[in-house]
Amino acid sequence: DCLLSRGLGDVYKRQAMISAHRLSILAAAALLAGCASVSPDGLRSDVAALTAGRTAGVPQAALPATDPSARAKALQSVDSWLAQPLTQDAAVRIALLNNPGLQARLAALGVADAERVQAITLPNPHLTLGRFTNSQEREIERTLAFGLMDLITLPWRTQREAERLQIATLQAAQDVVQLAADTRRAWLRAVAAEQVAATHDRMVEAAEAGAELAHRMAQVGNWSRLQQAREQAVLHDATRQRARARLAAATEREQLNRRMGLWGQQTQYQLAQQLPPLPTTALPADGIEATALRERLDVQAARRQLDTQATRQGWSRAGAVFGDIGLAYSRNTAIERDTGRSDIKRGWEIELPLPLFDWGGAARTRAQAEVEQSAAQLQDTAVRARSEVRAAWLTYRTALDLARQQQAEVVPLRQLIADETTLRYNGMLASVWDMLAEARNSTQAVANAIEAQRDFWLAETDLQLALTGTSPGALQGLTSGAAASTTPQGH
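Draft legend 1. Representation of the overall build of the protein chain within the structure. When you go through the protein chain residue by residue, the secondary structure sums to twelve helices and four strands. Expressed as a percentage of the 491 residues in the protein chain, the buried residues total 40%. The long-range share in the protein chain, meaning contacts at least 24 apart out of those at least 6 apart in sequence, stands at 81%. About 27000 Å² of surface is accessible on the protein chain, with carbon and sulfur atoms providing 55% of the total.

Draft legend 2. Quick peek at the confidence of the model for the protein chain. Overall, the predicted model of the protein chain reaches an average pLDDT of 79, with 79% of residues at or above 70. Taken element by element, the protein chain is modelled with least confidence in helix α1 (residues 2–34), mean pLDDT 44, and with most confidence in helix α4 (residues 88–98), mean pLDDT 92. Predicted confidence for residues 473–491 stays below pLDDT 50, and this span has 43 contacts to residues more than four positions away or in other chains.

Draft legend 3. Focus on the nonpolar core. Within the largest apolar cluster, 66 residues are counted, with the highest numbers of intra-cluster contacts made by Leu-86, Leu-96, Trp-187, Leu-256 and Met-260. With 17 residues, the single largest contributor to this core is helix α7 (residues 154–219). Non-local contacts of Leu-86, meaning those with residues more than four positions away in its chain, are made with Trp-81, Ala-91, Ile-94, Trp-187, Leu-256, Met-260, Tyr-269, Gln-270, Leu-271 and Ala-272.

Draft legend 4. Inspection of helix α8 (residues 225–260) at higher detail. For α8, built from 36 residues, the straight-helix expectation of 52 Å at 1.5 Å per residue is met to within 8% by its first-to-last C-alpha distance of 53 Å. Just downstream of α8, Gly-261 is the residue with a positive phi angle, here 70°.

Draft legend 5. Representation of the packing of aromatic side chains in the model. Within the structure shown, the criterion is met by two aromatic pairs. Centroid distance Tyr-396 to Phe-456: 5.3 Å. Interplanar angle 40°. Geometry classified as tilted. Taken together, the residues span a long stretch of sequence, with Tyr-396 in helix α11 (residues 361–426) and Phe-456 in helix α12 (residues 432–468) at a distance of 60 residues. You'll find Tyr-396 and Phe-456 in the same group, each marked buried. Through a chain of ring-to-ring contacts, the aromatic side chains of Tyr-396, Phe-456 and Trp-457 assemble into a single cluster. Over the ring of Tyr-269 we find Arg-253, and its NZ or CZ is 4.1 Å from the ring centre.

How each quantity is defined
Residues numbered from 1 in each chain as written. Predicted model: local features only at pLDDT ≥ 70, side-chain atom pairs only at ≥ 80, totals over all residues. Heavy atoms only, no water. Helix = DSSP H or I, 4+ residues; strand = E, 2+ residues; numbered from the N terminus. Buried < 20%, exposed > 50% of the residue type's maximum accessible area, 1.4 Å probe, protein only. Contact = heavy atoms within 4.5 Å. Areas by Shrake-Rupley, 256 points an atom, 1.4 Å probe, with all protein chains shown as cover. pLDDT = per-residue confidence, 0-100. Core = buried A, V, L, I, M, F, W, Y, C linked by side-chain atoms within 4.5 Å. Expected span 1.5 Å × (residues − 1). Phe/Tyr/Trp six-rings, centres within 6.5 Å; stacked < 30°, edge-to-face > 60°. Lys NZ or Arg CZ within 6 Å of the ring centre and 35° of its normal.

Structure (structure tokens):
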């Protein structure tokens, strides 16, 4: 009996050691899962790193912070930028700090980070307590159970969720880059619209002078009513174009306000007086496709998506078939009512699903189809990136040539014609009507040059976005480089 008791004691000790070793493994896995935590800044630093050098020519543009003191400091910076003539760099910085839509998108990224942590955190174990009695004994059951598959697949799920979060971060970075480009376009259109409206003011002044002179000449009988009516028609047409130009300026300014998230007294800022000058040299076309495939964020996101789906494919069938594996440890105590003798029963239970109906074929087929879908999407993104960057460069180059032609040839030519007409008027070889007409034509040439300069910078913004950012969508065409249209641009 003594040897038997000693042998049973050794067995119990070995079982206890084995149980302790198993529990230590589970505790280490639980500790590994518990180490995962959300980013303190909501992954804004990761987004800022991805968008560095891609925010419409503004280096190291700050993003909205989660700390209230940092937000208050950002609002002070916004007020200081608005107190001065607004440049395009300041407009982009204000938009990235103050746009509510971007703040919502970055908050959604923080939600995705929290979901990642939740997905790789082991579920809490289940503790089952039971107390059962009959006429002879009382039994107490204690069972601790948890999902074994969650523990086995923890490293794979950690990698998969990290890939998913990286894709979400890349998508948020694309939103930042897109907002910066949209804000720069809005600033260019707003500044150009105000300049064009100023030129229409000068054209109306010339038309008013002609109409007044025609009225006086008709009063003294030197002009017919037909000649006077023609000058009145010129004045009405100039007034109509000025009204449209002012509407376009107000509309473009509101578009800029919307991008920057401004309202109320904040919208009473002053815009810069002029557009940036044209560059002396054009960007070369060599290597633009390779740059787009290497630098564009949407291409990187498509690559990440393909890697994630390829990794998931290897576990899809096993997860579908054996996804409900459970492991439980039980310790039951039975106490006899008459003698008070207790009997303890310990043991492990494992729960395995039987693959009688679902062998994981559908899950495997779905995973394979998702990999093929991601591969096709990557190829489509690469083809679109190549095409967009080629079209953007052609638009950029043509817009630069047209803008240079307007500034270097058309405007000086119109000024020369106006000066020669003035000389002939002084020599009694040209009428005052000829001089007023040439003044209006010269002013219209200036307006066309401003619009051509605007179109170039819009094309340059699209080119930079197509090279290093994301898909710019419909490319901005050469809307009015050679025409005299003054209708507001659609958005």
